[in-house]
Amino acid sequence: MRRPLGAVVPIRRFARCVVLALVLLASGTALAQKSGGTLRVTHRDNPPSASIHEEATISTVMPFASVYNNLVQFDLSTDRQNRLETVSPELATAWSWSEDGRRLSMKLRAGVRWHDGMPFTSADVKCTWEQLIGQRDIGLRKNPRRSWYFNLKSVEASGPQDVTFILAEPQPSFLVLLAGGMSPVYPCHVNGAQMRTHPIGTGPFRFGELKQNESMRVVRNPDYWKPGKPFLDAIEFTIIANRSTSVLAFGAGKFDLTLTGDLPPSMVDEVRAQAPSTICEVQTTNTQANLLINRDRPPFDNAEIRRALNLVIDRNAFIEIIGRGQFLIGAAMMPPPSGLWGMPAEDLASVEGYGTDMATRRAQAQGIMRKLGYGPDKPLRLKVSTRNIPAYRDPAVLLIDHIKHAYLEADLEPIDTGAWYVRMLKKDYQVGLNVQGIGIDDPDVVFFENFACGSERNYTAYCNKDMEALFHRQSQMIDFAARRKLVWEIDRKLQEDGARPVISHQRQGTCWWPYVKSIRLSSNSIYNHWRFEDVWLDR
Amino acid sequence: MGSYLIRRILLMLLTLFGVSVLIFTLLRLVPGNIADILFDAAGMIDPVEKQKIIRELGLDQPLVVQYMQWISGLLRGDLGFSYISEKPTIDEIAPRIPITASLAAMALTLSVITGVPLGVISAVRQNTKLDYALRVFSLSGLSLPSFWLGLLILMGFVHWFGTIPIYDRNNTPLEQLAFMLVPAMAVGYRASALIMRLTRSSMLEVLRQDYIRTARSKGVSDTGVNYDHALRNAVVPVITIIGIEAAFLIGGLIVTETVFNIPGVARFLVEAIRMRDYPIVQNLVMFIAFSVVTINLLVDLAYSLIDPRIRITD
């Protein structure tokens, strides 16, 4: 029966009124940010330094990202996925590419000052990136992002507010690299030692203090170039080494926010049980557990044994046992929908080692090993090396159990943190279980950092010139769909080649109390959203 | 007495020299150095940059030179710089010492003021229900790991009081004192249990002596017998164990400081070892060694004050 027209209109009008009221309410809330207060954040360990360019850990990025600014950043207000389309201005107000895609010119914001009062100019930008590509030494001890800038030839400062990045080849993702949380601009007049201990930036907060193993504090920058921001007076990070204490203290209201991506799914459940009103988000952290296989030494110089090892890993078991069902199966690139570049599930299932039929895969692995003369009575003995910390050790133990099905009898070799990378560098291992964070969900970062010949983070020293040519090819492609297709092909080849078999992509939690407003997390990174300039406390 | 003291002080110096050589050598025997640790946070190692750091920190010098530089600096009062914070070592260590010292002192005091009287009561009321209860109490203290006990205490506070007693530097001194009592009880429980058991067994032995029977036959009150006659003689081995416990307390404090998030030297030392921050570890170990040998000397001197039969002679 047709509804009388007169009855519909009032309902529509009412609905419109409700929507309008909600919009007004929302905008009213947006306008009512309260200034002041100290945000109290839990932290897990002592940051190695405050110099973001020298570290690759969230322990440094989260407490100190608010001291700095980038040239550009990811805008999370409209889209939570970090990608090229969400890149927005920060210290650069506008940018343009040359026709050949090899020159990126940027107009810099005028009137910005460093926390010590010196003016920010293009010289600082030039200085920062020249350090990163090894053309200048401003006293940084380490440079973990060198591989990101494989394509950057030089930086030109044509005027105080004009800077141009000159690339060897076109690289659309170059802007994405500049937008990451690990790409702040450093002041040219401050040396590396000071940047490690008392950093100077242009950001919304100034460095307050860093008490080793105790706390870090940043305080409001009253001269911040964004008028009215930040809202907080200070942010205090308290180091609580014991995770149980940290969770209890957060639940008891001693802290407002937890260190991002630090809570495993099981602990998120604990927080929710202890303090049901808290907001907890479990996000894909862009951290993956993967296998380092030493293909230069027997027995893994034999491609068939590498294949058997890859076949016998039950990735679902890792996801259920270690990740409580929250982790994700993926290849080198983060899987969708969080990740932008990962293979779709149906494609991934067709990659060797990823099919769901575990019994068939085990039988295949056993067949390979039998052909090579191994069996239940004559297993291949080996060592699985890993860092001696639970995040590494737990999956390693599970791995040892899995590979037994392919007649691989392994002993666990826990390696002290101080010796881990030394052993990797010397290639003094057979199979290593590695857990690795990746700064930006972009193929230029993942491929060049982990699989390019000569990269310092290419722990297995995998070097395949044909693959490297493909890395460069995808890097230069403008068309997103075509580039993604090629990225999937590359990723498939890397997995089938056993370059660094990926076991799982981690998802971890961040929790905060409802009175902490404007916390926005990316869907595909934990590193790129900690400027804290919009965060305020409603209490 | 004078020459005894001189002999003891010389022995102390010899011990400290031995400790200095031992800690210096052991630290360098552990795999990995500060450069490896610094690169760990960067997730990579660049051999050229690593060499630069090693050179910058003087770790490329021969070990003997490094040792002499450290010792001569120590004697001059120059403790060097922390490799991690790049601040003077003394500035890193000094603010943490009073925190740990006060926690240790509170824990030790609590353990003595509970352990000794309870031990006496347990001995005097041997094989009664009270004795059994006190023995269970002491056995629990010796059996429960302090990290577990600490976590239980924290969970209990959250459950019943809705708050958590962890260190907060914004607390007033009075609040800080009240807070410190909780971890001090957690760490002092074990020492208290040990002191109680030792006091009990020592008391039981003394209570069977003839002079105790004589005292009772003279009509001395129970309190007088137990505390003036028996305890005074039974307490000598207890003092020894208190001295030893004071040294061992540092081990318990590492865990307690971690669980209650107290920024003291014990947790700091462990972290410094993990980070291979040699200047912090070496100087802190020397400080702890100095404290331990001094406590030992004081305990030895205390014997003669407690028991007139013990005389320190030259």
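Please read all numbers here as calculations on a predicted model, not as lab measurements.

J.: I'm lost on the state of the cysteines in this one. Help?
T.: Here a disulfide denotes one covalent bond, and it connects the sulfur atoms of two cysteines. Residues and elements named next belong to chain A. Tallied over the entire structure, the rule returns three disulfides over all chains. Covalent S-S linkage joins Cys 127 and Cys 188, the inter-sulfur distance amounting to 2.1 Å. Sign of the S-S torsion, about 65° for the bond between Cys 127 and Cys 188, identifies this disulfide as right-handed. Separated by 61 residues along the polypeptide, Cys 127 in helix α3 (residues 122–132) and Cys 188 in the loop between α4 (174–179) and α5 (192–197) bring together distant segments of the chain.

J.: What is the right way to read the nonpolar core from this model?
T.: Soluble globular proteins tend to pack their nonpolar side chains together in the buried interior. In this structure, Leu 71, Trp 129 and Phe 165 of chain A are the most contacted members of the largest nonpolar core, which totals 157 residues. When residues in this core are grouped by element, the largest group, 14 residues, is from helix α11 (residues 222–259) of chain B. Two domains each donate at least three residues to this core, and these are domain 1 (69–189) and domain 2 (286–507) of chain A. Residue contacts for Trp 129 of chain A: discarding those within four places in its chain leaves Leu 71, Tyr 149, Leu 152, Val 155, Phe 165, Leu 178, Ser 183, Pro 184 and Val 185 of chain A.

J.: I keep staring at the packing of aromatic side chains and nothing clicks. Help me out?
T.: Geometrically, a pair of aromatic rings is defined through the distance of the ring centres and the angle of the planes. Residues and elements named next belong to chain A. Per the stated rule, a full pass over the model turns up 26 aromatic pairs over all chains. For the pair Trp 129 and Phe 165, a centre-to-centre distance of 5.6 Å together with 90° between the ring planes defines the contact as edge-to-face. Placement of Trp 129 in helix α3 and of Phe 165 in strand β7 (residues 162–167) is noted, with a sequence separation of 36 residues between them. Grouping residues by exposure puts Trp 129 and Phe 165 together as buried. Where Phe 250 meets Trp 513, the ring centres are 5.8 Å apart and the plane angle is 45°; that geometry is what we call tilted.

J.: Got a minute to help me understand helix α6 (residues 243–251) of chain A in this structure?
T.: Because each turn of an α-helix spans 3.6 residues, side chains separated by three or four positions end up pointing in the same direction. All names here are of chain A. Summarising burial for α6: seven of the nine residues are buried, a large majority. Among the residues of α6, those classed as buried are Thr 245, Ser 246, Val 247, Leu 248, Ala 249, Phe 250 and Gly 251. For α6, the capping residue at the N-terminal end is Asn 242, with a side-chain oxygen 3.0 Å from the backbone nitrogen of Ser 244.

J.: Before we go on, may I ask you to explain the domain arrangement of chain A in this structure?
T.: Put simply, an interface is often sized by how much accessible area is lost when its parts join up. Residues and elements named next belong to chain A. Assigned domains within chain A: domain 1 (69–189) and domain 2 (286–507). Each of domain 1 and domain 2 has a C-alpha centre, and the two are 32 Å apart. Residue-level contacts link 17 residues of domain 1 with 20 residues of domain 2. Surface buried jointly by domain 1 and domain 2 totals about 1500 Å² across both partners, of which 59% is contributed by carbon and sulfur atoms. In this structure, the connection of domain 1 to domain 2 is made through one salt bridge. In this structure, Glu 456 engages Arg 146 in a salt bridge whose closest nitrogen and oxygen atoms are separated by 2.5 Å. By residue class, the composition of the side of domain 1 that touches domain 2 is nine nonpolar, five polar and three charged.

J.: Help me understand a nonpolar patch on the surface in this model?
T.: All names here are of chain B. On the surface, Ile 6, Ile 9, Leu 10 and Leu 13 cluster together into a nonpolar patch covering about 400 Å² of accessible area. By the secondary structure assignment, Leu 13 is in helix α1 (residues 2–29). Take Leu 13: its relative accessible area is 51%, and that puts it in the exposed class.

J.: How do you make sense of the environment of Arg 113 of chain A when you look at a structure like this?
T.: Tracing the sequence through the fold places Arg 113 of chain A in the loop between β5 (103–108) and α3. Of the polar contacts made by the side chain of Arg 113 of chain A, one reaches the backbone oxygen of Gly 117 of chain A; its length is 2.5 Å.

J.: Help me understand the interface of chain B and chain A in this model?
T.: In this assembly, 49 residues from chain B lie in contact with 48 residues from chain A. Summed over both partners, the interface of chain B with chain A buries about 4000 Å², with 52% contributed by carbon and sulfur atoms. On the surface where chain B and chain A come into contact, there are eight salt bridges. Linking chain B to chain A there are 20 residue pairs in polar contact (both at pLDDT 80 or more). Elements supplying a minimum of two residues to the side of chain B that touches chain A: α2 (34–40), α3 (47–56), α8 (146–161), α11 and α12 (265–274) of chain B. At six residues, the largest contribution of residues to the side of chain B that touches chain A is made by α3 of chain B. Across the side of chain B that touches chain A, the residue classes break down as 23 nonpolar, nine polar and 17 charged.

About the criteria used
Residues numbered from 1 in each chain as written. Chains lettered and ligands numbered in written order. Predicted model: local features only at pLDDT ≥ 70, side-chain atom pairs only at ≥ 80, totals over all residues. Heavy atoms only, no water. Disulfide = S-S within 2.5 Å. Helix = DSSP H or I, 4+ residues; strand = E, 2+ residues; numbered from the N terminus. Core = buried A, V, L, I, M, F, W, Y, C linked by side-chain atoms within 4.5 Å. Buried < 20%, exposed > 50% of the residue type's maximum accessible area, 1.4 Å probe, protein only. Domains from an automatic or database assignment. Contact = heavy atoms within 4.5 Å. Phe/Tyr/Trp six-rings, centres within 6.5 Å; stacked < 30°, edge-to-face > 60°. Polar contact = N/O pair within 3.5 Å; in protein donor to acceptor, adjacent residues only side chain to side chain. Buried area = accessible area lost by both parts, 1.4 Å probe. Salt bridge = Lys/Arg side-chain N within 4 Å of Asp/Glu carboxyl O. Nonpolar A, V, L, I, M, F, W, Y, C, P; charged D, E, K, R; others polar. Patch = residues over 30% accessible without salt bridge, like charges linked within 9 Å, V, L, I, M, F, W, Y side chains within 5 Å. Areas by Shrake-Rupley, 256 points an atom, 1.4 Å probe, with all protein chains shown as cover.

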